[in-house]
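Breakdown of the fold
Residue strings, one per chain:
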Amino acid sequence: MAEGATATARNNGQAMAVALTGVGVAFRLAGGGVYTAVERATLNVADGEFVAIVGPTGCGKSTLLNIAAGLMPPSAGGVDIFGTSLAALNRQAGYLFQADALFPWKTALENVAIGLETAGTPQAEARARAQSWLTRVGLGSFGDRYPHMLSGGQRKRVGLAQVLIRDPKILLMDEPFGPLDAQTRQIMGNLLLDLWNADRKAVLFVTHDLEEAIALSDRVVIMSAGPAARVIGDWRVPLARPRDISEVRLDPAFHELHREIWHMLKAEVIKGYAQTEGV
Amino acid sequence: MRRVQLIVLQVLVAVVSIALWHALTTYPIFGRTLLPPFFFSNPLDVAQQVVAWFASGVIWKHLWVTLIEALLAFVIGSVGGVLVGFWFARQPRVAAVFDPYVKMVNALPRVVLAPIFTLWLGLGIWSKVALGVTLVFFIVFFNVYQGVKEVSPTVLANARMLGMSERQLMRHVYWPSALSWMFSSLHTSVGFAVVGAVVGEYLGSAAGLGYLIQQAEGVFDVAGVFAGMFVLAAFVIVIDTLVTMVEKRLLVWRPAVGEGRP
Ligand SMILES: Nc1ncnc2c1ncn2[C@@H]1O[C@H](COP(=O)(O)OP(=O)(O)O)[C@@H](O)[C@H]1O
Ligand SMILES: [Mg+2]
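Residues numbered from 1 in each chain as written. Chains lettered and ligands numbered in written order. Predicted model: local features only at pLDDT ≥ 70, side-chain atom pairs only at ≥ 80, totals over all residues. Heavy atoms only, no water.

Things to note about the overall build of chain B
When its secondary structure is counted, chain B shows 12 helices and zero strands. By the compact-globule yardstick of 18 Å for 262 residues, chain B is too spread out, its C-alpha radius of gyration being 23 Å. Considered along the principal axes of its C-alpha atoms, chain B spans approximately 80 × 55 × 35 Å. Counting all 262 residues of chain B, 41% fall into the buried class. In chain B, of all internal contacts separated by at least 6 residues, the share reaching a separation of at least 24 is 73%. Counting only carbon and sulfur atoms, one obtains 72% of the accessible surface of chain B, whose full area is about 15100 Å². The centroid of the 17 positive side-chain charges in chain B is displaced by 12 Å from the centroid of its 11 negative side-chain charges. (Helix = DSSP H or I, 4+ residues; strand = E, 2+ residues; numbered from the N terminus. Rg over C-alpha atoms; globule rule 2.2 N^0.38 Å. Buried < 20%, exposed > 50% of the residue type's maximum accessible area, 1.4 Å probe, protein only. Contact = heavy atoms within 4.5 Å. Areas by Shrake-Rupley, 256 points an atom, 1.4 Å probe, with all protein chains shown as cover. Lys, Arg positive; Asp, Glu negative; His and termini not counted. Charge placed at Lys NZ, Arg CZ, Asp CG, Glu CD.)

See below:
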C-alpha cells in the first residue's frame, strides 16, 4: 500500500507526466483568515498512466487539478510537467471541467472546432476534424445544436471532444460524469476507455465514486478530508485491459480492492462530513 | 383555437374601450356628458384626424424625422455604451475612478438636459439625438459592463485551457457574452431612443411626432393630441416587433424563457 506516494518524480529514468511534490494550497478568506485546503500533497502520474483521485467532498480535488493545469499556483511545493517546472498555464494539458464549460453561444461543432482554430488551423479544416470527433463521441448529427439543446450526457461528450481534438499529452478530468445517471455513466466510462486506449495519454481523473475510479484507472489515489488534505493512500489496480466497465465490476479482484480502499475512505468521508457540518 | 381565442379577446378589449369612449363623450347621462368632448375628443374625430394625416401625406415626414432621430440615438448610444462598457470592465481601476460620476449622471433626470442640448445643438434633429443618446448609452453601458464581468469563470478557464490568447478571449468569450446582455436589453434601449426623440421634439422642434402632438396641444386640438398618441403607439409597436425578430435571430443559442433543459 501507499507505494506511489513515495515514488520519485522519475520512473525508469523517464520524466513523470505530472509530478506534484509537497504541494500546499492556502486560500485567503474574505474575513481575513487563511484556509489551508491542501498540505504537502505528493502525487505522480507517469506518461500513459490513468490515475484516479478519490476523496470526500471539499477535500481539494478540484484545487489539485487546477494546480496541475497551471490555472493557479500552489502556495507551497512544486509542479513538474514532463520534468519541467510549471510556471504558467499548462499547455500540454486538456481539462474537462466539473461545471458546464462549453461556450453557450457556439454550436456543438463550433465548440469542438474552437480549440484547433485558436491554434491557427484554418476554419474549414478545423470544422471537418471537429465533425469527425463529434462522430467519434456519438454525436455526429448534433453538430448544429447549441449546448442548451443537448442533454447533460451529450454536453459532456461535446466537452470530451473539445478537449481531445487538441490531442493534449495530459488529460485532467474533474468528476466529468458526476451529474449523470448510472447508465449514462457506464456508457461514458466505456467511451472514455475506448478513446484513451487509442493513444494512452496520462490521465488524472477526479471522482467521488470509488467503483468508477477502480473500474477506469491504473492507480487509485485517496485524499484525506480537509482542511490540510493530503494524499493518504495509493493503490495499483490489478485488472487487465482493455476493460468493460460493467464486466470488470464482477471480477473478484475488483471486490477485494474495493473493500480494502473503502475501509480507509469511509473514515475520511465521515471526517469530511463532520467538518462540513461543523462549519 | 387558443390563439384565436386570445386574439378575439384582445380585439374585444379595444372595441369595448372605444365604444365606451364614444358613448361617454357623445351621449349625456342624466343631462351631463361624463367626458366633455373638449377635453376627451371622441373616437370619430381622432380617426378622421389620423386618416387626414395619412391621406395628405404630412405624417410621413414627421414619422421619418422621429425614426431617424431614434435610430441615430440608438446607434450612437449603443456604440458608445459598448466601447465604454468594455473598457471599464477590462480596466477595473478606470471603472473605480469614474464610478461615482457615472452614478451621478445616470441619476440625473435626462429631461433637464433637453434645454441645454437645444442651446448647444439648435432646434434640428441633433439635440433630440443627443437626448436619446444619454438614455440609450447608460442602458447599453451597464449591460455590456455586466456581461463582460459576469462571464462564467469556468467558461473563461476553459477558453484559456483551449489555448485562447487575450485577443481570442475578447472575440470568442467577452464579446458574445456582452452582446447577449446588450440584446437582452434591446427592447428597453430602443424604447428609450424613441422616448428621447419624442420628448426632445415636444420641448422644441420643427418636425416629428412630438412636434405634431405639441402643436395640437398648443391650439387645444385634443383630437390632434390623441391622434398623435395613436400614431406614436403604432410606430412603437412596429419597431418593437422588428426588435423581437432581430432578437430571435441573434440569440438563437439561448434557451427561451421558461424552457426547461431537455
Ligand atoms: N477561492 C476559494 N477561497 C476559499 N476557499 C476555497 C476556494 N476554493 C476552494 N476553497 C475551499 O477549498 C476546499 C477544496 O475545494 P475543492 O478543491 O473544490 O474540493 P473538491 O475536492 O470537492 O473538488 C474546500 O473546502 C473549499 O471550500
Ligand atoms: Mg470539485
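From this point, the discussion proceeds with the structure in view.
Some remarks on unusual backbone geometry
With an omega dihedral of -5°, the bond running from R241 of chain A to P242 of chain A counts as a cis peptide bond. Positionally, P242 of chain A belongs in the loop between β12 (231-236) and α7 (245-248). Residues other than glycine seldom take positive phi values, yet S41 of chain B does so here, at roughly 50°. We note that F220 of chain B has phi near 55°; this positive angle belongs to a residue other than glycine. Turning to its location among the elements, F220 of chain B is positioned in the loop between α11 (209-218) and α12 (222-250).

Brief notes about the interface of chain B and chain A
On the chain A side, the residues contacting the 22 residues of chain B number 28 residues. Regarding the contact of chain B and chain A, the summed buried area is about 2300 Å², with carbon and sulfur atoms giving 65% of it. It is M161, L162 and W253 of chain B in chain B that bury the most area against chain A; as a group they hold 32% of the surface buried on that side. Run the count over chain B and chain A and you get eight residue pairs in polar contact (both at pLDDT 80 or more). Every element with two or more residues in the side of chain B that touches chain A is listed here: α8 (153-161) and α9 (166-184) of chain B. The element that contributes the greatest number of residues to the side of chain B that touches chain A is α8 of chain B, accounting for seven residues. (Buried area = accessible area lost by both parts, 1.4 Å probe. Polar contact = N/O pair within 3.5 Å; in protein donor to acceptor, adjacent residues only side chain to side chain.)

Let's talk about the sheet that holds strand β10 (residues 202-207) of chain A
Residue and element names in this part refer to chain A. Pairing is mixed across the open sheet formed by six strands, whose spatial order is β8-β9-β10-β5-β11-β12. Strands with a single pairing partner mark the edges of an open sheet, and in this sheet they are β8 (93-96) and β12. Strand after strand, the sheet turns through a mean of 15° between neighbouring axes, direction not considered. Relative to strand β11 (residues 219-223), strand β5 (residues 50-54) is paired through four bridges, and the arrangement is parallel. The residue bridging V54 from the neighbouring strand is I222, located in β11. (Pairing = 2+ DSSP bridges. Axes fitted to C-alpha atoms, helices over the stretch in contact; angles between N-to-C directions.)

So, the site of ligand 1
Residue and element names in this part refer to chain A. Close to ligand 1 lie F27, L29, Y35, A37, T57, G58, C59, G60, K61, S62 and T63. At 3.4 Å from an oxygen atom of ligand 1 is found a side-chain nitrogen or oxygen belonging to Y35. A distance of 3.3 Å separates an oxygen atom of ligand 1 from a polar atom in the backbone of C59. Burial of ligand 1 by the protein amounts to 63% of the accessible area it has alone, namely 570 Å². For the shell around ligand 1, the secondary structure elements donating two or more residues are β4 (34-45) and α1 (61-69). (Near = heavy atom within 4 Å.)

As for the pattern of salt bridges
Close approach of charged atoms allows side chains with opposite charge to pair. Residue and element names in this part refer to chain A. Counted under the stated rule, the structure contains 15 salt bridges over all chains. One salt bridge in this structure joins E125 and R129, with 3.4 Å as the shortest N-O distance. Here R129 and E125 lie together in helix α3 (residues 123-136), a separation of four residues that amounts to about one turn. D167 serves as the salt-bridge partner of K201, at 2.6 Å between the closest nitrogen and oxygen. One end of the pair, K201, is in the loop between α5 (182-199) and β10; the other, D167, is in the loop between α4 (152-164) and β9 (170-174), and 34 residues separate them in sequence. (Salt bridge = Lys/Arg side-chain N within 4 Å of Asp/Glu carboxyl O.)

Topic: the sheet that holds strand β7 (residues 84-85) of chain A
Residues and elements named next belong to chain A. Here we have four strands laid out as an open sheet, ordered β4-β3-β6-β7, and antiparallel in their pairing. Of all strands in the sheet, those with a lone pairing partner are β4 and β7, marking the two edges. As paired strands, strand β3 (residues 18-28) and strand β6 (residues 76-81) are joined by five bridges and run antiparallel to one another. Bridge pairing in β6 links L20 to V79. Each of β3, β4 and β6 touches α1; the most contacted strand, β3, lies at about 115° to it.

Points about the coordination of the magnesium ion (ligand 2)
Residue and element names in this part refer to chain A. Coordination of the magnesium ion (ligand 2) by the protein comes from S62 (OG) and Q98 (OE1), over a distance range of 2.0 to 2.5 Å. With S62 in helix α1 and Q98 in the loop between β8 and α2 (108-117), the pair connects residues that are 36 residues apart, well separated along the chain. Given the relative accessible area of 25%, S62 is considered partly exposed. Here Q98 falls in the partly exposed class, since its relative accessible area comes to 37%. (Donors = N, O, S within 2.8 Å, 3.2 Å for Na, K, Ca; no water.)

A closer look at the packing of helix α4 (residues 58-90) of chain B against helix α7 (residues 125-149) of chain B
All names here are of chain B. Two elements in contact, α4 and α7, have axes separated by 6 Å at closest approach and are oriented at 35°. Relative to α7, α4 is oriented so that their crossing is right-handed. Classifying every residue of the contact of α4 with α7 by side-chain character gives 22 nonpolar, six polar and four charged. (Left-handed = near helix turned anticlockwise from the far one by under 90°. Nonpolar A, V, L, I, M, F, W, Y, C, P; charged D, E, K, R; others polar.)

Some remarks on the domain arrangement of chain B
Residues and elements named next belong to chain B. Structurally, chain B comprises domain 1 (1-40) and domain 2 (43-250). The gap between the C-alpha centroids of domain 1 and domain 2 is 33 Å. Listed as interface residues are seven residues of domain 1 and, on the opposing side, seven residues of domain 2. When the area that domain 1 buries against domain 2 is broken down by residue, the three leading residues are W21, H22 and F38, summing to 73%. At the boundary of domain 1 with domain 2, the tally comes to zero salt bridges. Remark: the boundary between domain 1 and domain 2 carries zero residue pairs in polar contact (both at pLDDT 80 or more). Elements that contribute at least two residues to the side of domain 1 that touches domain 2 include exactly α1 (2-26) and α2 (37-40). Here the residues of the side of domain 1 that touches domain 2 sort into five nonpolar, two polar and no charged. (Domains from an automatic or database assignment.)

Description of the layout of surface pockets
Volume-wise, the largest pocket comes out at about 440 Å³. Lining the largest pocket are 19 residues; nearest its centre among them are W105 and E110 of chain A together with P176, L250 and W253 of chain B. Among the elements that make up the lining of the largest pocket, the one with the highest residue count is α9 of chain B (seven residues). A breakdown of the residues in the lining of the largest pocket according to their chemical character gives 10 nonpolar, three polar and six charged. (1 Å grid on protein atoms, 1.4 Å probe; cavity = no way out; pocket = protein on both sides within 12 Å on 5 of 7 lines; lining within 4 Å. Points joined across faces, edges and corners; volume = space filled by probe spheres on them.)

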